[in-house]
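Here is what each chain is made of, one letter per residue.
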Amino acid sequence: MGFHNIRFPANLSFGSVGGPERRTEIVTLANGFEERNTPWEHSRRRYDAGVSLRSLDDVEALIAFFEARSGQLYGFRWKDWADYKSCKPSKTPSAVDQLIGLGDGDQLSFALSKTYQSGEVSYTRPITKPVLGTVLVAIDGDPKVETLEFDIDTATGIVSFPTPPDPGVRITAGFEFDVPVRFDTDRIQASVASFKAGDVPSVPVVELRV
């Protein structure tokens, strides 16, 4: 699957609308009760980049980005301003934000993830596109130095250690991240007259499974 490791202009994604989507299959039985199931383990995010356009220069930048991605053909990074940190939006990421694994004395690599908690129920989301230079890692609360004590693959979200962490130790991480997406249309319709009248084009964007 083609993917360009470039972020959609952050000033254009700021103000966009969107968020997670779930797929739930609901069957209503003869007695009125329901059976609910889902074929998706993870949610899939959708956005509309069009609502954040503020000027004709923004439209030109959007079209240039769209053309460089060949429409839907190539994926790219997207900054979701509502959810792009391992911590709360008002906080700064720290090395102990998210538990990403426990050492077993053999495993060298651990995948970044973010856990969403509500009451007794939690959901763990894989993070595959961390932002370069933002990843912090700790073992049992002891911060580690990137390139010396760990490496991060920003194309996959995999943290690797030169030696396996000891059994039972907590591997934690903090980071900023992007969402892997593609355009969900092969056409952009823009009108100068309509744009000046406040009518902005719809530019749907959908998350990729990577």
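Everything that follows concerns the structure shown earlier in this document.
Residues numbered from 1 in each chain as written. Predicted model: local features only at pLDDT ≥ 70, side-chain atom pairs only at ≥ 80, totals over all residues. Heavy atoms only, no water.

Some details on the nonpolar core
If you look at the biggest cluster of nonpolar residues, it comprises 17 residues, and the most contacted ones within it are Phe 8, Leu 62, Phe 76, Trp 78, Val 181, Phe 183 and Val 205. For this core, the secondary-structure elements that each account for two or more residues are helix 2 (56-68), strand 6 (75-78) and strand 16 (179-183). For this core, the element with the highest residue contribution is helix 2, accounting for four residues. If near-sequence neighbours (up to four positions away) are discounted, Val 181 is found in contact with Phe 3, Tyr 47, Gly 75, Phe 76, Trp 78, Val 205, Val 206, Glu 207 and Leu 208. Counting residues in hydrophobic clusters, the runner-up holds 16 residues, among them Ile 100, Val 137, Phe 161 and Ala 173. (Core = buried A, V, L, I, M, F, W, Y, C linked by side-chain atoms within 4.5 Å. Buried < 20%, exposed > 50% of the residue type's maximum accessible area, 1.4 Å probe, protein only. Helix = DSSP H or I, 4+ residues; strand = E, 2+ residues; numbered from the N terminus. Contact = heavy atoms within 4.5 Å.)

Regarding the sheet that holds strand 14 (residues 158-160)
If you trace the three strands from one edge of the open sheet to the other, you get 8-14-13, paired in antiparallel fashion. Pairing within the sheet leaves two strands with one partner each, and these edge strands are strand 8 (109-111) and strand 13 (151-153). On average, adjacent strands in this sheet sit at an angle of 25° to one another, irrespective of strand direction. (Pairing = 2+ DSSP bridges. Axes fitted to C-alpha atoms, helices over the stretch in contact; angles between N-to-C directions.)

Side note on the side chain of Ser 113
Its place among the elements puts Ser 113 in strand 9 (residues 113-118). Using a relative accessible area of 10% as the deciding quantity, one classes Ser 113 as buried. Ignoring any residue separated from it by four or fewer positions in sequence, one finds Ser 113 in contact with Gln 98, Leu 99, Ile 100, Thr 124, Arg 125, Pro 126, Ile 127 and Phe 175.

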